[in-house]
Amino acid sequence: MQNQEKLTKNVVKDKVLGDLPGWDLADLYDSIDSPQIETDLTDMQKAADAFAKNYQGKLADLDGDKLAAALAEYERIDEVLSKLMSYAQLVHAENMADPKLGQ
């Protein structure tokens, strides 16, 4: 952090502005280096590939139970991907000057 240093999980000290509120994102991931992030990315890539293989071009032929199962699987994938995206966006928003966080 160029002008900032992290004091606690939710306070950032800026050399010009002083103490600033920071995000406490522990409910999502422990840190940007959390191995769970890579695990979730890998798992969701596999799940998305399987979903496409199972359902691409086949939705019109599914009965109600199979369509419900497809929707449940889609929602499960979307929930994890939304968690990943939210975490990335909030970490970046906390310090947009840090190029590592911008990646």
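Note: the structure precedes this text.
Just so you know, these numbers come straight off a predicted model, no measurement behind them.

Asker: Go over the packing of helix H1 (residues 35-55) against helix H2 (residues 64-94), please, and point to the residues and values.
Answerer: Across the interface, H1 lies against H2 with an axial gap of 10 Å and an inter-helix angle of 150°. The orientation of H1 relative to H2 falls into the category roughly antiparallel. The chirality of how H1 crosses H2 is left-handed. Two secondary-structure elements touch here, H1 through Ile37, Asp40, Leu41, Met44, Ala47, Ala48, Phe51 and Tyr55 and H2 through Lys66, Ala69, Ala70, Glu73, Tyr74, Arg76, Ile77, Val80, Leu81, Lys83, Leu84 and Tyr87. For the contact of H1 with H2, the per-class residue count stands at 15 nonpolar, no polar and 5 charged.

Asker: Got a sec to walk through the packing of aromatic side chains? Specific residues and values, please.
Answerer: Inspection of the entire model under this criterion finds 3 aromatic pairs. An angle of 75° between the planes, with centres 5.2 Å apart, marks the rings of Tyr29 and Tyr87 as edge-to-face. One end of the pair, Tyr29, is in the loop between strand E3 (18-21) and H1; the other, Tyr87, is in helix H2, and 58 residues separate them in sequence. Considered together, Tyr29 and Tyr87 belong to a single accessibility category, that of buried residues. An angle of 50° between the planes, with centres 4.9 Å apart, marks the rings of Phe51 and Tyr55 as tilted. Separated by 4 residues within a single helix, Phe51 and Tyr55 lie in helix H1, roughly one turn from each other. Exposure remark for Tyr55: the relative accessible area of 17% places this residue in the buried category. Of the aromatic side chains, those joined through ring pairs into one cluster are Phe51, Tyr55 and Tyr74. Here Lys83 stacks its cationic end above the ring of Tyr29, 4.5 Å away from the centre of that ring.

Asker: Provide a residue-level description of the pattern of salt bridges, including the pertinent values.
Answerer: Evaluated as defined, the whole model comprises 2 salt bridges. For Asp33, the salt bridge is made with Lys100, and the minimal N-O distance between the two is 3.8 Å. Note that Asp33 is positioned in the loop between E3 and H1 and Lys100 in helix H3 (residues 99-102), a separation of 67 residues in sequence. Look at Asp33 and you get exposed, because its relative accessible area is 56%. Here Lys100 falls in the partly exposed class, since its relative accessible area comes to 47%. Across the pair Arg76 and Glu73 runs a salt bridge whose closest N-O atoms are separated by 3.1 Å. Placement of the pair is Arg76 and Glu73 together in helix H2, with a separation of 3 residues, close to one helical turn. Relative accessible area serves as the criterion here: at 24%, Glu73 is assigned to the partly exposed category.

Asker: Run through the nonpolar core, naming residues and quoting values.
Answerer: Across soluble globular proteins, you tend to see nonpolar side chains buried next to one another. Judged by nonpolar contacts, Leu25, Tyr29, Ile37, Met44, Ala47, Ile77, Val80, Leu84, Tyr87, Leu90, Val91 and Leu101 together constitute the single largest core of 12 residues. Mapped by element, the contributors of at least two residues to this core are H1 and H2. For this core, the element with the most residues is H2, which contributes 6 residues. Other than its neighbours up to four places away in sequence, Ala47 contacts Glu73, Arg76 and Ile77.

Rules used throughout
- Residues numbered from 1 in each chain as written.
- Predicted model: local features only at pLDDT ≥ 70, side-chain atom pairs only at ≥ 80, totals over all residues.
- Heavy atoms only, no water.
- Axes fitted to C-alpha atoms, helices over the stretch in contact; angles between N-to-C directions.
- Helix = DSSP H or I, 4+ residues; strand = E, 2+ residues; numbered from the N terminus.
- Parallel < 35°, antiparallel > 145°, perpendicular 65-115°, else oblique.
- Left-handed = near helix turned anticlockwise from the far one by under 90°.
- Contact = heavy atoms within 4.5 Å.
- Nonpolar A, V, L, I, M, F, W, Y, C, P; charged D, E, K, R; others polar.
- Phe/Tyr/Trp six-rings, centres within 6.5 Å; stacked < 30°, edge-to-face > 60°.
- Buried < 20%, exposed > 50% of the residue type's maximum accessible area, 1.4 Å probe, protein only.
- Lys NZ or Arg CZ within 6 Å of the ring centre and 35° of its normal.
- Salt bridge = Lys/Arg side-chain N within 4 Å of Asp/Glu carboxyl O.
- Core = buried A, V, L, I, M, F, W, Y, C linked by side-chain atoms within 4.5 Å.

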